[in-house]
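Descriptive structure summary
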Amino acid sequence: MDLRRDIAERVIARWKARGIRIDEDPGFMELVALWTAGSIASGEMRRRYSALQRERSLSRSMPLDVYPCDEGAEVDHRSIAIPDDEPDERGGLGLPAQG
């Protein structure tokens with residue numbers, strides 16, 4: 001296990017020298033701990049870290065926790081309000097006319 005720890009420290013130092021503090025990433029460091037303990041193989045570590053990066057990328061590209069719905073989800077499209085961009089009688093946008 002000392003060999004794995006030495007390898008991890010060298011990799012972290014190499015990234016740090018390039019200006020990337022990967023040791024400040026708790027997700028990465030958790031995977032390093034599993035790998036150095038021998039709980040997972042290096043291929044599994046790479047797979048999990050890639051999945052973590054994809055998940056993070058997706059969460060940044062979809063603000064406010066808006067994610068695609070399941071394909072089979074039932075949606076009542078009549079209940080979805082779609083504002084129009086035409087002014088109403090009162091000069092506002094998308095408000096139903098009253099009266």
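Residues numbered from 1 in each chain as written. Predicted model: local features only at pLDDT ≥ 70, side-chain atom pairs only at ≥ 80, totals over all residues. Heavy atoms only, no water.

**So, the packing of aromatic side chains**
Enumeration over the complete set of coordinates arrives at 1 aromatic pair. Measuring from ring centre to ring centre gives 5.3 Å for F28 and Y49, while their planes differ by 70 degrees; the resulting arrangement is edge-to-face. Pair noted here: F28 is in helix α2 (residues 26-36) and Y49 is in helix α3 (residues 42-61), with a separation of 21 residues, a long-range link. Above the ring of W15, the side-chain terminus of R18 is found at 5.5 Å from the ring centroid. (Phe/Tyr/Trp six-rings, centres within 6.5 Å; stacked < 30°, edge-to-face > 60°. Helix = DSSP H or I, 4+ residues; strand = E, 2+ residues; numbered from the N terminus. Lys NZ or Arg CZ within 6 Å of the ring centre and 35° of its normal.)

**Some details on the packing of helix α1 (residues 2-17) against α2**
With their axes 9 Å apart at the nearest point, α1 and α2 run at an angle of 155 degrees to one another. Taken together, the axes of α1 and α2 are roughly antiparallel relative to one another. Viewed along their axes, α1 and α2 form a crossing whose handedness is right-handed. Where α1 approaches α2, its residues R4, R5, I7, A8 and I12 are matched on the opposing element by F28, M29, V32, W35 and T36. Here the contact of α1 with α2 is composed, by residue class, of 7 nonpolar, 1 polar and 2 charged. (Axes fitted to C-alpha atoms, helices over the stretch in contact; angles between N-to-C directions. Parallel < 35°, antiparallel > 145°, perpendicular 65-115°, else oblique. Left-handed = near helix turned anticlockwise from the far one by under 90°. Contact = heavy atoms within 4.5 Å. Nonpolar A, V, L, I, M, F, W, Y, C, P; charged D, E, K, R; others polar.)

This is a description of form; function is not addressed.
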